[in-house]
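Spelled out, the chains give:
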Amino acid sequence: MTPAIFGLSGTELTDDERAFFQEADPAGYILFGRNCDSPTQMRALTDDLRSIAGRGDLLITIDQEGGRVARMKPPVWPQYPPQGVFDRLYDIAPISAMEAAQVNAEAIGLDLAEAGLNCDALPLLDVRCEGAHDVIGDRALGHDPMRVAALGRAVLDGLEQAGVAGIIKHIPGHGRACADSHKEMPVVTASEAELEQDIAPFQALRGAAIGMSAHVTYTAWDADHPATQSAKVIGDIIRGRIGFGGLLMSDDIDMEALSGSIAERSVKALEAGCDLVLNCWAKMPDMVATVEACGDITPDARRRLDAAMQGKDARLFKGAERRSECIAKRDALLAAAGVAA
């Protein structure tokens, strides 16, 4: 098995993709808007991927947060609010906020399960900081670490109710970065003491099954490498101080924060301690080079992958009726407190 999560070029597999994936056996896949036309089409695509892999619990994920980060869009799928709406509700009614966050996540999870996906790149546990770049912005669950943790737990629970695994991101924290890691390397110069705020939500939810690393350099921990490619940050901070023992994937290895070829970036991430590398853009030369450079998944990474996906068979779908109930309950909780979705 290749320790990578690969993207796909369109709404169905090309002949080249099919042959390549059969040979490479990637650990999982990620879908984007280019892959999403309808639940029926996505179900056929994801069933095809499971057939190739021979695993009902094959990891198939997507970025479906709500707000400005949503790959499955109206009018085919509902419009979900940004996660920051639950932070606003928490100011007024904390219990209602957690309940609303949970049922919202369950509804999202049911959308995914219907389409054959079993994993969502949610929740963000990045603590929002004033003056930071707005790449996180209203995607965050708040400025207070314990509020972020409480709402993040609700999101994980809601996804789990739908049979979908969540991914805590961007570990050890992207909230104070003053640059967008899609475009350049953010360098965080906060002290170790200040960074305790950033890692607190991840510590609180360290038992989560899957985490995603941040392409951010933290000078207090390792001034020479971003977290994704830092053995010190992954070993001492993520695995050590935070205590995260789950499956650790990189953020998209193709983001401009990183340098070098895709294969070189991937090798550095795996050598630093990431279990899997995320390669989103379905560029065949990059995927082939990644397979050739990265070798087989390690036994520890395979164990963590199997544990994370145990029971996550997306062929088991509860149906649209429950999704409508979740959305109605969310909207009622927001309306009762006068918070706009």
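For the structure, check the block above.
Residues numbered from 1 in each chain as written. Predicted model: local features only at pLDDT ≥ 70, side-chain atom pairs only at ≥ 80, totals over all residues. Heavy atoms only, no water.

We now examine empty space enclosed by the protein. Scanning the model with the defined rule gives two cavities of 30 Å³ or more in all. Considering the residues around the largest cavity, the lining is formed by Met-1, Ala-27, Arg-55, Asp-57, Leu-58, Leu-59, Arg-302, Leu-305, Asp-306 and Met-309. When residues in the lining of the largest cavity are grouped by element, the largest group, four residues, is from helix α10 (residues 299-309). A class-by-class count of the residues in the lining of the largest cavity yields six nonpolar, no polar and four charged. Looking at the second largest cavity, the residues that line it are Glu-65, Gly-66, Gly-67, Arg-68, Pro-82, Gln-83, Asp-138 and Arg-139. A breakdown of the residues in the lining of the second largest cavity according to their chemical character gives one nonpolar, three polar and four charged. (1 Å grid on protein atoms, 1.4 Å probe; cavity = no way out; pocket = protein on both sides within 12 Å on 5 of 7 lines; lining within 4 Å. Points joined across faces, edges and corners; volume = space filled by probe spheres on them. Helix = DSSP H or I, 4+ residues; strand = E, 2+ residues; numbered from the N terminus. Nonpolar A, V, L, I, M, F, W, Y, C, P; charged D, E, K, R; others polar.)

Enumeration according to the criterion identifies six aromatic pairs in this entry. Seen from their ring centres, Phe-6 and Phe-21 are 6.5 Å apart, and the 25 degrees between their planes marks the pair as stacked. You can see Phe-6 sitting in strand β1 (residues 2-7) and its partner Phe-21 sitting in helix α1 (residues 15-24), a full 15 residues away along the chain. Residue class for Phe-6 comes out buried when judged on its relative accessible area of 0%. Pairing Phe-21 with Tyr-29 gives two aromatic rings, centres 4.9 Å apart and planes at 80 degrees, and the pair type is edge-to-face. By the ring-pair criterion, three or more aromatic residues cluster together here, those being Phe-6, Phe-20, Phe-21 and Tyr-29. (Phe/Tyr/Trp six-rings, centres within 6.5 Å; stacked < 30°, edge-to-face > 60°. Buried < 20%, exposed > 50% of the residue type's maximum accessible area, 1.4 Å probe, protein only.)

Note on sheets: strands pair through backbone hydrogen bonds, and any given pair is parallel or antiparallel. A sheet is described by the order of its strands in space; here seven strands give the open sequence β3-β2-β1-β13-β12-β10-β8, paired in parallel fashion. Two strands in the sheet have a free side with no partner beyond their single neighbour: β3 (59-62) and β8 (168-171). The mean angle between the axes of side-by-side strands here comes to 25 degrees, regardless of whether they run parallel or antiparallel. Sheet strands touched by helix α8 (residues 262-272): β1 and β13 (276-279). Its angle to β13, the strand with the most contacts, is close to 150 degrees. (Pairing = 2+ DSSP bridges. Axes fitted to C-alpha atoms, helices over the stretch in contact; angles between N-to-C directions. Contact = heavy atoms within 4.5 Å.)

Keep in mind these values describe shape, not function.
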